Amino acid sequence: IDVTDSGVTYTMQVGVGNPATQYTLLIDTGNSNTWIGAGLPYKPTSSSHSTGNTINVSYGSGSMSGKEYTDTVTLGSSLVIQNQSIGVASSAQGFEDVDGILGVGPVDLTEGTVSNTTDVPTVTDNLYAQGTISSNLLGISYEPSSTANVPNGELTFGGTDSTKYTGTLSTVPLTTTSPASLYWGINQSVTYGTSGSAILSTTAGIVDTGTTLLLLATEAFQAYQKATGAVLDSTTGLLTITAQQYANLQSLYFNIGGVTYDFTPNAQIWPRGLNSILGGAEGQIYLIVSDLGSSFGSGLDFINGFGWIQRFYTVFDTGNKQFSLATTAYTDADTN
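Just so we're clear, the structure is a prediction, and the values are computed from it rather than from any experiment.

Parameters and conventions
- Residues numbered from 1 in each chain as written.
- Predicted model: local features only at pLDDT ≥ 70, side-chain atom pairs only at ≥ 80, totals over all residues.
- Heavy atoms only, no water.
- Helix = DSSP H or I, 4+ residues; strand = E, 2+ residues; numbered from the N terminus.
- Rg over C-alpha atoms; globule rule 2.2 N^0.38 Å.
- Buried < 20%, exposed > 50% of the residue type's maximum accessible area, 1.4 Å probe, protein only.
- Contact = heavy atoms within 4.5 Å.
- Pairing = 2+ DSSP bridges.
- Axes fitted to C-alpha atoms, helices over the stretch in contact; angles between N-to-C directions.
- Phe/Tyr/Trp six-rings, centres within 6.5 Å; stacked < 30°, edge-to-face > 60°.
- Polar contact = N/O pair within 3.5 Å; in protein donor to acceptor, adjacent residues only side chain to side chain.
- Core = buried A, V, L, I, M, F, W, Y, C linked by side-chain atoms within 4.5 Å.

**Here we look at the overall build of the protein**
No. 1: Helix and strand counts for the protein come out as four helices and 23 strands.
No. 2: Here the C-alpha radius of gyration of the protein, 20 Å, is about what a compact globule of 336 residues would show, namely 20 Å.
No. 3: A principal-axis box enclosing the C-alpha atoms of the protein has dimensions of 60 × 40 × 35 Å.
No. 4: Within the protein, the proportion of its 336 residues that are buried is 55%.
No. 5: Pairs at least 24 apart in sequence give 65% of the contacts found in the protein among residues at least 6 apart.

**Side note on the sheet that holds strand S16 (residues 239-241)**
No. 1: The three strands lie next to each other as S15-S16-S19, forming an open sheet whose pairing is antiparallel. The sheet is open, and its two borders are formed by strand S15 (231-232) and strand S19 (285-286), each paired with just one other strand.
No. 2: As paired elements, S16 and S19 share two bridges and run antiparallel to each other. In the sheet register, Ile-241 faces S19, and the bridge partner there is Ile-285.
No. 3: Across the sheet, helix H2 (residues 218-228) is in contact with S15 and S16; its angle to S16 comes to roughly 10 degrees.

**Overview of the sheet that holds strand S17 (residues 252-256)**
No. 1: The strand order across the open sheet built from seven strands is S18-S17-S12-S13-S21-S14-S20, with neighbouring strands paired in mixed fashion. Lying at the two open borders of the sheet, with one neighbouring strand each, are strand S18 (259-263) and strand S20 (289-291). Averaged over all pairs of adjacent strands, the angle between their axes in this sheet comes to 35 degrees, without regard to strand direction.
No. 2: Across seven bridges, strand S12 (residues 185-192) lies against strand S13 (residues 197-207) in antiparallel orientation. Considered in S13, the bridge of Val-190 is made with Leu-200.

**Re the packing of aromatic side chains**
No. 1: One pass over the structure, following the stated rule, counts 13 aromatic pairs.
No. 2: A centroid spacing of 5.7 Å and a plane angle of 55 degrees characterise the contact between Phe-254 and Trp-308, whose relative ring orientation is tilted. With a gap of 54 residues between them, Phe-254 in strand S17 and Trp-308 in helix H4 (residues 306-309) connect regions that are remote in the sequence. Exposure class is identical for Phe-254 and Trp-308. Each is buried.

**Observations concerning the pairing of strand S3 (residues 21-28)**
No. 1: Buried residues dominate S3, accounting for seven of its eight residues.
No. 2: Sheet topology note: the strand S2 (residues 10-16)/S3 ladder contains six bridges and is antiparallel. Across the sheet, residue Gly-15 finds its bridge partner in S3, namely Gln-22.
No. 3: In textbook terms, the turn of a hairpin is the stretch between consecutive antiparallel strands, and for S2 and S3 this stretch comprises four residues, one of which, Gly-17, has a positive phi near 100 degrees.

**What to know about the side chain of Thr-29**
No. 1: Considering the arrangement of structural elements, one finds Thr-29 in the loop between S3 and strand S4 (35-36).
No. 2: Of the polar contacts made by the side chain of Thr-29, one reaches the backbone oxygen of Val-207; its length is 3.2 Å.
No. 3: Beyond its immediate stretch of four places on either side in the chain, Thr-29 contacts Val-104, Gly-105, Pro-106, Ile-140, Trp-184, Val-207, Asp-208, Thr-209, Gly-210 and Phe-316.

**Here we look at the pairing of strand S6 (residues 62-76)**
No. 1: Within S6, 11 of the 15 residues are buried, leaving the element largely enclosed by the surrounding structure.
No. 2: Judged from the two bridges that link them, S2 and S6 form a sheet pairing that is antiparallel. Paired with Gly-15 across the bridge in S6 is Thr-74.
No. 3: Across eight bridges, strand S5 (residues 49-59) lies against S6 in antiparallel orientation. Counted as the bridge partner of Thr-54 is Lys-67 from S6.
No. 4: Counting the residues between successive antiparallel strands, the hairpin from S5 to S6 contains two residues.
No. 5: In this antiparallel pair of consecutive strands, S6 and strand S7 (residues 79-93), the connection spans two residues.

**So, the environment of Gly-30**
No. 1: Assignment of secondary structure puts Gly-30 in the loop between S3 and S4.
No. 2: The class of Gly-30 is buried, set by a relative accessible area of 19%.
No. 3: Remark: the alpha-carbon pair of Gly-30 and Pro-106, spanning 76 residues in sequence, is separated by 8.2 Å.
No. 4: Beyond its immediate stretch of four places on either side in the chain, Gly-30 contacts Leu-109, Tyr-183 and Asp-208.

**Some words on the nonpolar core**
No. 1: Judged by nonpolar contacts, the single largest core of 75 residues is most densely connected at Leu-75, Phe-157 and Leu-252.
No. 2: Broken down by element, the residue count for this core peaks at five residues, all from S13.
No. 3: Apart from residues no more than four positions distant in its own chain, Phe-157 is found in contact with Ile-1, Leu-75, Leu-79, Leu-102, Val-104, Val-123, Thr-124, Leu-127, Ile-133, Leu-137 and Leu-138.

The following block contains the structure:
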């Protein structure tokens, strides 16, 4: 399925109902409920069924509440789900420019979100349960871009697309450390530069398409700021560096499952052509590494968000409770 880079997140067109109404949904591996109604209203059809249950979901940057329905959900011509639980928002905060969320995180995240319900199978779970896909996994290809609203992403439900990555996929088990273990959580360490300056010692965190930036525990963020000489920009809330500091910027090295991944200087900066999206100044250089706002050792010490995911091919494997990662043609790109 082709998906669109909106500048700060990825969205896709999802059909709900029969005949289907098309909704623009944010693709979120950090959440597992699929819901609509933030923008375009729900249009019940012959396939709609009200369960009588209520739904309430909270996010880092918003919330929604409303009613649960089951309905036919169409992700693509060959990816049609019968009786998918969807939330229909009567109230939604923090969701501009999208109609709702396509939740593709682990099913555990849905616990307690719908009344009278233990948990709510995700769209990936139901595609697998209904025999539409042969493996309960999701492959994601995102690419960096200097312009917004470009269809440069691809989701593969039930498999991976080997044309989208280079080398081999390396696989790690999901972390057992809570609360990262509720999400697509992994263990990683991060160092800066060829000298191997420590930024983040091995710890648990999550890989999340629904987060824009690369967020690190406060101590790690401070170590990164010191290593780069960056200063905090009050307008955007991001670190900013001079052209000379950018020329001297070194790679961040992510060690995941014993494999080291190079997160290049260009990958660490916000696309300069998109500064206005963040309220930034033209020509300024902003860094995407930001402060998670909690101390090291919380059980969730990093969020590898969309800016990180754009440099790698990622596989979210529910069936085997594992996460896979590979480099791509864009790992070393200088697009930003």
